[in-house]
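Report on the structure
Letter by letter, the chains look like this.
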Amino acid sequence: MHDGYLYVGETTTISRFNYEPNGPVGSREAFVSNLPRGGHSTRTVVFGPDGLMYVSVGSSCNICDESDPRRASILRFSPTTGAGADGSAYERFASGLRNAVGLAIQPATGLIWATVNERDNQGNEIPPDLITVVRQGQNFGWPGCQPPNATPQDTGRDCSGITPPTIGIQAHSAPLGLAFYNGQQFPAEYSGDLFVVQHGSWNRQPPAEPKLLRIDFEGGRPVSARDFATGWQTADGSRWGRPAGVVAAPDGSLIVSDDQAGALYRIAYPTT
């Protein structure tokens, strides 16, 4: 939601609709067109405190050198001009992000945080998936670097200027949605903490468990990570659900989406 519009990320387009909370939704307008298709296909949209629109575009492959500079990047657009009919009027804000599925703005700092699904088929424990601050001009290394070193497939690459992630989590845990908690329902120690959905792996044995992770922040900085909600995966590795997104509701509860069970869960803190 930004300045009276609802923005929707689609694979090749960022659409927007005139929106009034108590009125009808307006007609669809293609605000950014001609984004890359194929490969990692989700497009996440957030607006920063600078009023500019940030869009994540994942890679076309697991590991490859991309010919399209928009791939494996976070792009920045002006909300007044969009990107033009051909989608060309953009700025490459950050790169080397194989698939930054989730984006969120930290309320206390205005910083952009991203969840990044790292490369597959490198082994059960490498490389870690990422939860990281993203700043302008940073390169996080994909495809040739796994900070601080080059990948085994690309030992000759210079990785000296690569940005290390803020947080590395279990390999192949597939972090997707994330949300900072600024509600009043949970105890005070939750204020400013970050909730991250882990979708779970497809190429790890045993499979990484779908879960909701809580990153504890103190003074605006992460100090620990712990499981917050679990139970979607049984002991034999089978799953009855896979959480995908999380938002903090106006009443202070958390709403978690599940794209396998086709459900929304509301997590509330008991008051009695």
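To keep things clear, this report deals only with the structure shown in the data block. Nothing here was measured: the structure is a model prediction, and the numbers come from that model.

Looking now at the packing of aromatic side chains. Going through the model one piece at a time under the given rule, you end up with 20 aromatic pairs. On the basis of an interplanar angle of 80° and a centroid distance of 5.0 Å, the ring pair of Y54 and F93 is categorised as edge-to-face. Here Y54 is found in strand β5 (residues 53–57), whereas its partner F93 is found in strand β7 (residues 91–95), with 39 residues between them in sequence. For the pair Y54 and F93, one class covers both residues: buried.

Now for the pairing of strand β18 (residues 243–248). Two elements, β18 and strand β19 (residues 254–258), share five bridges in a ladder whose sense is antiparallel. Paired with V246 across the two strands is V256, which belongs to β19. The turn joining β18 and β19, which pair antiparallel and follow one another in sequence, is formed by five residues; a positive phi near 95° is taken by G252.

Spatially, four strands are ordered β4-β5-β6-β7 in an open sheet, and the strand pairing comes out antiparallel. Looking along the sheet, the strands with just one partner apiece sit at the ends: β4 (43–47) and β7. Recorded for the sheet is a direction-independent mean angle of 25° between the axes of neighbouring strands.

Taken in spatial order, the three strands of this open sheet run β1-β2-β3, and their pairing is antiparallel. Every interior strand has two partners, whereas the edge strands, β1 (5–9) and β3 (28–32), have only one. Neighbouring strand axes in the sheet, compared pairwise and without regard to direction, differ in orientation by 35° on average.

With that settled, the discussion passes to the environment of A263. Structurally, A263 can be placed in strand β20 (residues 263–267). Along the backbone, A263 and Y54 are 209 residues apart, and their C-alpha atoms lie at a distance of 28 Å. Residues in contact with A263, not counting those within four places in the same chain, are V256, S257 and D258.

Here we come to the state of the cysteines. A full pass over the atoms with the stated rule returns two disulfides. A disulfide bridge connects C61 with C64, and the sulfur atoms are separated by 1.9 Å. Residues C61 and C64 share a disulfide whose torsion about the S-S bond is about -90°; that sign makes it left-handed. The class for C61 is buried, based on a relative accessible area of 19%. Its relative accessible area of 22% is what places C64 among the partly exposed residues. Each disulfide pairs two cysteine sulfurs, and for C145 the partner residue is C159, the sulfurs being separated by 1.9 Å. In this structure the cystine formed by C145 and C159 twists about its S-S bond by roughly -85°; its chirality is therefore left-handed. Here C145 is found in strand β11 (residues 145–146), whereas its partner C159 is found in the loop between β12 (149–150) and β13 (167–169), with 14 residues between them in sequence. There is no split in this pair, since C145 and C159 are both buried.

Comment: phi is negative for the bulk of residues other than glycine, and the bulk of peptide bonds are trans. Cis geometry is adopted by the peptide bond preceding P127, which originates at I126 and carries an omega value of -15°. By secondary structure assignment, the location of P127 is in the loop between β9 (112–116) and β10 (129–134). Here the amide bond leading from Q205 into P206 is cis, since omega sits at -5°, within 30 degrees of zero. Summarising the element assignment, P206 is placed in the loop between β15 (194–198) and β16 (211–218). Phi is positive for A72, close to 55°, though the residue is something other than glycine.

Cut-offs and rules
Residues numbered from 1 in each chain as written. Predicted model: local features only at pLDDT ≥ 70, side-chain atom pairs only at ≥ 80, totals over all residues. Heavy atoms only, no water. Phe/Tyr/Trp six-rings, centres within 6.5 Å; stacked < 30°, edge-to-face > 60°. Helix = DSSP H or I, 4+ residues; strand = E, 2+ residues; numbered from the N terminus. Buried < 20%, exposed > 50% of the residue type's maximum accessible area, 1.4 Å probe, protein only. Pairing = 2+ DSSP bridges. Axes fitted to C-alpha atoms, helices over the stretch in contact; angles between N-to-C directions. Contact = heavy atoms within 4.5 Å. Disulfide = S-S within 2.5 Å.

Geometric descriptors of this kind do not, in isolation, establish any biological role.
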